[in-house]
Amino acid sequence: MVSRKEKVTLPDELAVNIARESSRNMRRAMLMLESCHVQRRELGGDGMTGDQPVQKTDWELYIAQLATEITREQSPQRLLAARERLYELLINCIPADIILKTLALELMKNLDDDLKHEVIEVAAFYEHRIAQGSKDIFHLEAFIAKYMAIYKRYLNEMFG
């Protein structure tokens with residue numbers, strides 16, 4: 001509908017990808033559509049294509065990078081760096097429950113099936129704590145620390 005009013009050709013395949021990536025959130029879908037259109041125009045293309053990648057928001061990319069970092073290294077220094085990233089997200093008005101949910105989903109992508117249940121259980125526990133508590137940063141940092149402990153234990157069991 002928006003693409004028709006803006007006189008932009010939107011391939012069905014790209015529309016489905018945008019709907020899926022936006023979690024059926026209309027506001028996010030419109031921002032993603034605009035991003036795809038601008039991205040295509042900057043590359044000098046005529047119109048959008050069905051195989052065009054849908055750009056995620058900056059904060060989602062930031063959380064994905066955080067997930068990669070804490071999976072790569074489990075140390076007090078990494079936890080301190082993660083805390084700074086969490087502060088950055090909270091300062092930019094990203095709600096703590098959204099941060100936790102997105103981070104948990106990003107962590108799931110690279111986890112063994114044996115760990116997924118335990119990590120989701122921990123995420124649910126800290127999501128409940130966030131809903132009840134007042135200092136979101138403590139609960140987010142505790143989730144990351146617990147994840148690091150779980151993952152480190154798993155690596156030690158696997159590789160001795």
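Everything below is about the structure shown above.
Residues numbered from 1 in each chain as written. Predicted model: local features only at pLDDT ≥ 70, side-chain atom pairs only at ≥ 80, totals over all residues. Heavy atoms only, no water.

K.L.:
Would you mind going over the overall build of the chain with me for this structure?
P.N.:
Within the chain, the regular secondary structure consists of 8 helices and 0 strands. In sequence order, the chain lays out its α and β elements as α-α-α-α-α-α-α-α. For the chain, the spread of C-alpha atoms along the three principal axes comes to 55 × 40 × 25 Å. Summarising the internal contacts of the chain: among those between residues at least 6 apart in sequence, 62% fall at separations of at least 24. Of the roughly 10400 Å² of accessible surface on the chain, 52% is carried by carbon and sulfur atoms. Averaged over its 22 positive side-chain charges, the chain has a centre that lies 3 Å from the centre of its 25 negative ones. (Helix = DSSP H or I, 4+ residues; strand = E, 2+ residues; numbered from the N terminus. Contact = heavy atoms within 4.5 Å. Areas by Shrake-Rupley, 256 points an atom, 1.4 Å probe, with all protein chains shown as cover. Lys, Arg positive; Asp, Glu negative; His and termini not counted. Charge placed at Lys NZ, Arg CZ, Asp CG, Glu CD.)

K.L.:
Before we go on, may I ask you to explain the environment of Glu 69 in this structure?
P.N.:
Mapped onto the fold, Glu 69 is located in helix α4 (residues 58-72). When its relative accessible area of 12% is taken as the criterion, Glu 69 is described as buried. C-alpha of Glu 69 to C-alpha of Ser 134: the two residues are 65 residues apart in sequence and 27 Å apart in space. (Buried < 20%, exposed > 50% of the residue type's maximum accessible area, 1.4 Å probe, protein only.)

K.L.:
Help me out: how do you make sense of the packing of α4 against helix α8 (residues 136-159) in this one?
P.N.:
The axes of two packed helices give the description: the angle between them and the distance between them. Where α4 contacts α8, the axes come no closer than 9 Å and their chain directions differ by 45°. The pairing of α4 with α8 is recorded here as oblique in orientation. The handedness of the crossing between α4 and α8 is right-handed. Residues Leu 66, Ile 70 and Thr 71 of α4 pack against Ile 144, Tyr 147, Met 148 and Tyr 151 of α8. (Axes fitted to C-alpha atoms, helices over the stretch in contact; angles between N-to-C directions. Parallel < 35°, antiparallel > 145°, perpendicular 65-115°, else oblique. Left-handed = near helix turned anticlockwise from the far one by under 90°.)

K.L.:
So what exactly am I meant to see when it comes to the pattern of salt bridges here?
P.N.:
Opposite charge on two side chains lets them pair, provided their charged atoms get close. Counted according to the given criterion, the structure contains 10 salt bridges. Glu 106 is paired through a salt bridge with Lys 56; the nearest N and O atoms lie 3.7 Å apart. In this pair, Glu 106 is assigned in helix α6 (residues 96-109) and Lys 56 in the loop between α3 (26-42) and α4, connecting sequence segments 50 residues apart. By relative accessible area, Lys 56 is classed as partly exposed at 27%. The partner of Lys 109 in a salt bridge is Glu 106, and the shortest N-O contact between them spans 3.0 Å. (Salt bridge = Lys/Arg side-chain N within 4 Å of Asp/Glu carboxyl O.)

K.L.:
Even after reading the chapter, I still don't get the side chain of Arg 78, so can you show me in this structure?
P.N.:
Tracing the sequence through the fold places Arg 78 in helix α5 (residues 76-91). Non-local contacts of Arg 78, meaning those with residues more than four positions away in its chain, are made with Glu 69, Ile 70, Glu 73 and Met 148.

K.L.:
Looking at this structure, how should I read the layout of surface pockets?
P.N.:
Over the atoms rolls a probe the size of a water molecule, and in doing so it shows where empty space is left. Here the largest pocket is characterised by a volume of approximately 570 Å³. Lining the largest pocket are 18 residues; nearest its centre among them are Ser 23, Arg 28, Trp 59, Glu 60 and Thr 102. Mapped onto the lining of the largest pocket, the elements with two or more residues apiece are α2 (12-21), α3, α4 and α6. It is α6 that contributes the most residues to the lining of the largest pocket, 6 residues altogether. (1 Å grid on protein atoms, 1.4 Å probe; cavity = no way out; pocket = protein on both sides within 12 Å on 5 of 7 lines; lining within 4 Å. Points joined across faces, edges and corners; volume = space filled by probe spheres on them.)

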